[in-house]
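Chain by chain, the residues:
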Amino acid sequence: FQAEDGIRDDLVTGVQTCALPIFTKLSSGESQFDIEEVDVKEFFKQLKLQFQPIAENSSIRFNTKISMKNPYIYADYNKLYKVLIILLRNAFRYVPEKGKISIEVIEDGQTCYVKVQDNGPGIPLEKRKKLFNMYDQNLIQNKLGVMGFALSICKELMIGQKGDIWLADDSKKGCCFYVSIPVA
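The written sequence of each chain sets the order in which its residues are numbered from 1. With pLDDT at 70 or above as the cut-off, local features in this predicted model cover only qualifying residues; side-chain atom pairs require 80 or more to be listed or tallied, and sums for whole chains, interfaces and linings still use all residues. Side-chain descriptors were evaluated using all non-hydrogen atoms of the structure, hydrogens and water having been removed beforehand.

Caption draft 1: Layout of the overall build of the chain. If you tally the helices and strands in the chain, you get 5 helices and 9 strands. In this description a helix means any DSSP run of H or I spanning at least four residues, a strand means any run of E spanning at least two, and both kinds are numbered starting from the N terminus. The linear arrangement of helices and strands in the chain, starting from the amino end, is α-β-α-β-β-α-β-β-α-β-β-α-β-β. Sequence separation of at least 24 residues holds for 74% of the intrachain contacts in the chain that already meet a minimum separation of 6. Every accessible area reported is derived by Shrake-Rupley at a probe size of 1.4 Å, with residue values counting cover from the shown protein chains alone. As displayed, the chain has an accessible area near 9,800 Å², and 49% of this comes from carbon and sulfur atoms. In what follows, residue pairs with any heavy atoms lying within 4.5 Å of each other are defined as contacts.

Next up, the structure:
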């Protein structure tokens, strides 16, 4: 990374800053969920506004596509936002300059699916099964640091909202995460 190092380093620090207080609350049982009706279009508009300047500074194509008949979901707005912040910060950290990050939102009538995909280096197959295990000692270590802790927190945050998060098995290049959450 060249000029973007500072921005990308700030992203990693941001993931750690976002994840550690959440972990403390989850592990102590203090975390409560404030489930409410959330406007999907407004939610993703705010996410896009936050990350668009980073995308432009890094020459990364950042696209969002929302295809929903019912534009509302049941979620804890702040906790869902943190999950997507963590996924996007990881994506921006690992995607090369002139890379691509996309968010696609669809629904099947009962569940909203958010697909976050990038064309970064991806996650080795042998590390994928334990990716969301907070207590696994075998986190992914590479030249950019350790990855895996924040994703395990994402898993707990989604379960608390009657949703889920997973890594697509078919992502051959880059990463493709899915988040599911009930439709309102």
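Resuming the write-up.
Caption draft 2: How the structure looks around the pairing of strand S9 (residues 176-182). Each residue's exposure class comes from its accessible area (1.4 Å probe, protein chains only) as a fraction of the maximum for that residue type: buried when under 20%, exposed when over 50%, partly exposed otherwise. Burial analysis of S9 places 5 of its 7 residues in the buried class, the great majority of the element. Criterion used throughout: strands pair if DSSP finds at least two bridges between them. Examined bridge by bridge, strand S5 (residues 111-118) and S9 share 7 bridges and lie antiparallel to one another. Within S9, the position partnered with Tyr113 by the bridge is Ser180. Across 4 bridges, strand S8 (residues 164-167) lies against S9 in antiparallel orientation. Looking across to S9, one finds that Leu167 is bridged to Phe177.

Caption draft 3: Focus on unusual backbone geometry. At Ser59, a position not held by glycine, the phi torsion is positive, near 55°. You can see Ser59 is positioned in the loop between helix H2 (40-57) and strand S2 (61-67). In this structure, Lys162 is a non-glycine residue whose phi angle is positive, near 60°. Position of Lys162 relative to the elements: it lies in the loop between helix H5 (149-159) and S8.

Caption draft 4: Representation of the sheet that holds S5. One open sheet holds the 5 strands; their spatial order is S2-S4-S5-S9-S8, and the pairing between them is mixed. Strands at the two margins of the open sheet, each flanked by one partner only, are S2 and S8. Across the sheet, the mean angle from the axis of one strand to that of its neighbour is 15°, orientation sign disregarded. Helix H3 (residues 77-94) contacts S2, strand S4 (100-107), S5, S8 and S9 of the sheet and is inclined by roughly 20° relative to S5. Comment: axis = line fitted to C-alpha atoms, over the contacting stretch for helices; angle = value between 0 and 180 degrees taken between N-to-C directions. With respect to the sheet, H5 is in contact with S8 and S9, its orientation differing from that of S8 by roughly 145°.

Caption draft 5: Expanded view of the packing of H3 against H5. Close contact between H3 and H5 brings their axes to 10 Å; oriented N to C, the two are set at 155°. If you check the angle between H3 and H5, you find them roughly antiparallel. Here the hand of the crossing between H3 and H5 comes out left-handed. In this structure, H3 contributes Lys79, Leu80, Val83, Ile86, Leu87 and Asn90 to the contact, and H5 contributes Ala150, Leu151, Cys154, Leu157 and Met158. The residue classification treats Ala, Val, Leu, Ile, Met, Phe, Trp, Tyr, Cys and Pro as nonpolar and Asp, Glu, Lys and Arg as charged. All others, Gly included, are polar. Classifying every residue of the contact of H3 with H5 by side-chain character gives 9 nonpolar, 1 polar and 1 charged. If an angle is under 35 degrees, it is roughly parallel; if it is over 145, roughly antiparallel; if it lies from 65 to 115, roughly perpendicular; otherwise it is oblique. Handedness of a crossing follows from how the near helix is turned relative to the far one, being left-handed for an anticlockwise turn of less than a right angle and right-handed for a clockwise one.

Caption draft 6: Structural detail: the nonpolar core. Put simply, a nonpolar core is a bunch of buried Ala, Val, Leu, Ile, Met, Phe, Trp, Tyr and Cys residues held in one set by side-chain atoms that sit within 4.5 Å of each other. With 46 residues, the main nonpolar core has Phe44, Leu47, Ile73, Leu84, Leu87, Val114 and Phe177 as its most contacted residues. Among the elements that line this core, the one with the most residues is H3, at 10 residues. Those residues within four positions of Phe177 in sequence are excluded, and the remaining contacts are Leu87, Val114, Lys115, Val116, Ile123, Leu131, Phe132, Leu151, Trp166 and Leu167.

Caption draft 7: Structural view of the packing of H2 against H3. Put simply, H2 and H3 touch, their axes get as near as 11 Å, and they point 25° apart. Classified by the interaxial angle, the pair formed by H2 and H3 is roughly parallel. Seen along the crossing, H2 lies across H3 with a hand that is right-handed. Of the residues in H3, those touching H2 at Phe43, Phe44, Gln46, Leu47, Gln50, Phe51, Ile54 and Ala55 are Tyr77, Leu80, Tyr81, Leu84, Ile85, Leu88, Arg89 and Phe92.

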